Amino acid sequence: MKLHHRVDGPSGAPLLVLGPSLGTTTEVWRPQLAELTTSWRVLRYDLPGHGGSAPATGFTIGDLAEAVLEVSGDERFAIGGISLGGAVATTVALREPGRVRGLVLCCTSARFGEPGPWRERAELVRAQGAAALAPALEKRWFTPGFDGRWLLDELAEVHAPSYAACCEALAAFDVTGRLGEVGAPTLVIAGAEDPATPLDHALTLAGGIPGASLTVVPGAAHLAGVERPDAVATAVTRHLRDLGRDAGRDAGRDAGMRTRREVLGDAHVDRAIAATTGFTRDFQDFITRYAWDEIWNRPGLDRRTRSCVTLTALVARGHLDELAMHVRAALRNGLTPDEIKEVLLQTAVYCGVPAANAAFAVARRTLDEIGPEGP
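The paragraphs below set out a description of the structure included in this document.

Scoring rules and cut-offs
- Residues numbered from 1 in each chain as written.
- Predicted model: local features only at pLDDT ≥ 70, side-chain atom pairs only at ≥ 80, totals over all residues.
- Heavy atoms only, no water.
- Axes fitted to C-alpha atoms, helices over the stretch in contact; angles between N-to-C directions.
- Helix = DSSP H or I, 4+ residues; strand = E, 2+ residues; numbered from the N terminus.
- Parallel < 35°, antiparallel > 145°, perpendicular 65-115°, else oblique.
- Left-handed = near helix turned anticlockwise from the far one by under 90°.
- Contact = heavy atoms within 4.5 Å.
- Nonpolar A, V, L, I, M, F, W, Y, C, P; charged D, E, K, R; others polar.
- Buried < 20%, exposed > 50% of the residue type's maximum accessible area, 1.4 Å probe, protein only.
- Pairing = 2+ DSSP bridges.
- Polar contact = N/O pair within 3.5 Å; in protein donor to acceptor, adjacent residues only side chain to side chain.

## What about the packing of helix α15 (residues 337-350) against helix α16 (residues 353-370)?
Move 1: Axis separation between α15 and α16 bottoms out at 8 Å; the angle between their running directions is 165 degrees. Classified by the angle between their axes, α15 and α16 sit roughly antiparallel to one another. Pair α15 / α16 crosses with right-handed handedness. Taken together, the residues of α16 that come into contact with α15 (itself represented by P337, K341, L344, L345, T347 and A348) are V353, A356, A359, F360, A363 and L367.
Move 2: Across the contact of α15 with α16, the residue classes break down as ten nonpolar, one polar and one charged.

## Quick notes on the pairing of strand β6 (residues 186-191)
Move 1: With six of six residues buried, β6 lies mostly within the body of the structure.
Move 2: Every second residue of β6 is oriented toward a common face, with T186, V188 and A190 on one face and L187, I189 and G191 on the other, all of them buried.
Move 3: Where strand β5 (residues 100-106) lies against β6, four bridges are found, and the strand directions are parallel. Bridged to L103 within β6 is T186.

## Observations regarding unusual backbone geometry
Move 1: Phi is positive for S83, which is not a glycine, with a value near 55 degrees.
Move 2: As for its placement among the helices and strands, S83 is situated in the loop between β4 (77-82) and α3 (84-95).
Move 3: One non-glycine residue, C107, lies in the positive phi region at around 50 degrees.
Move 4: In this structure, C107 sits in the loop between β5 and α4 (115-128).

## Brief notes about the side chain of T108
Move 1: Mapped onto the fold, T108 is located in the loop between β5 and α4.
Move 2: For T108, the side chain forms a polar contact with the main-chain oxygen of S83, separated by 2.7 Å.

## Re the environment of T60
Move 1: Counting through the fold element by element, T60 comes out in the loop between β3 (41-45) and α2 (61-71).
Move 2: The exposure class assigned to T60 is partly exposed, which follows from its relative accessible area of 43%.
Move 3: Spatially, the C-alpha atom of T60 lies 8.0 Å from that of F173, the residues being 113 residues apart in sequence.

The structure is reproduced here in structure tokens:
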């Protein structure tokens, strides 16, 4: 299953994944998009047969969660959703707790009532199309007098069998007994006048998920973010603010680890990680973020030049164990053995002959171990 999705926001920002409610598209999050993209890279996706996603039938909420994980890449992310999108977000948090840094559950539930009405709705939509639900959904989505026609009009474009399959997926969904397993910091948002997922559904989520907080939006029904966009945006950004600080550290760590592996090689880094203990973990985190991202990834010098500088500094300070490692790194960064020799000759003048003599011995031994094939 492939889900249509789009990404907005700064390229280096942490990732926030947002899912829609049944019958809506990526547009349902448009009222919050400008505020959220100041600090987050926001990925919005469409459900099967909705918006730009291809039709699909015969799937579960778990299948949708796997499809969302596929479009989210390999990085850690925060995730949220409205109604069905919230069910998908909860399932993702349960399946991949190590990847989910935060959770936003908006007008959703751990169980969406008895299965019978959902199956009846599925049959109605198969027979008459999703647009036939517009009068009933208007009363569930919005409080009286609110003009949400721009969303209701989207129902005419929804693929009826896919909508029906979503109904059947909701009929089978129930994670009530697993809420205690959710480890991500969670915000639950409820519309005070929501007839589709009433306040008691939100209370079940907030009471069952450890440490979850609850925000009730007055004057809002099921699509609270559309009716009261500012209130929902404020609640979500407040919840994500601390996560964003952690995300920045994670992004630096990820970028630093990529550079560390490219320069030193997977084998060396894997050994360092395997040798990490509780006593050294913070130091490993420090050098990965500070040295390998904030310094090695600066644009002012290329990696060949940085290797020359590093070799010189290690000779000057007599760090011969580190020197052997960075001779290998210099080769990976494109220096030839002759260029490494020239760097060491330069150190003989400015760091002293004894220091250069020891450095030549280390470099020769390291180059002999590597051989002509290179690192």
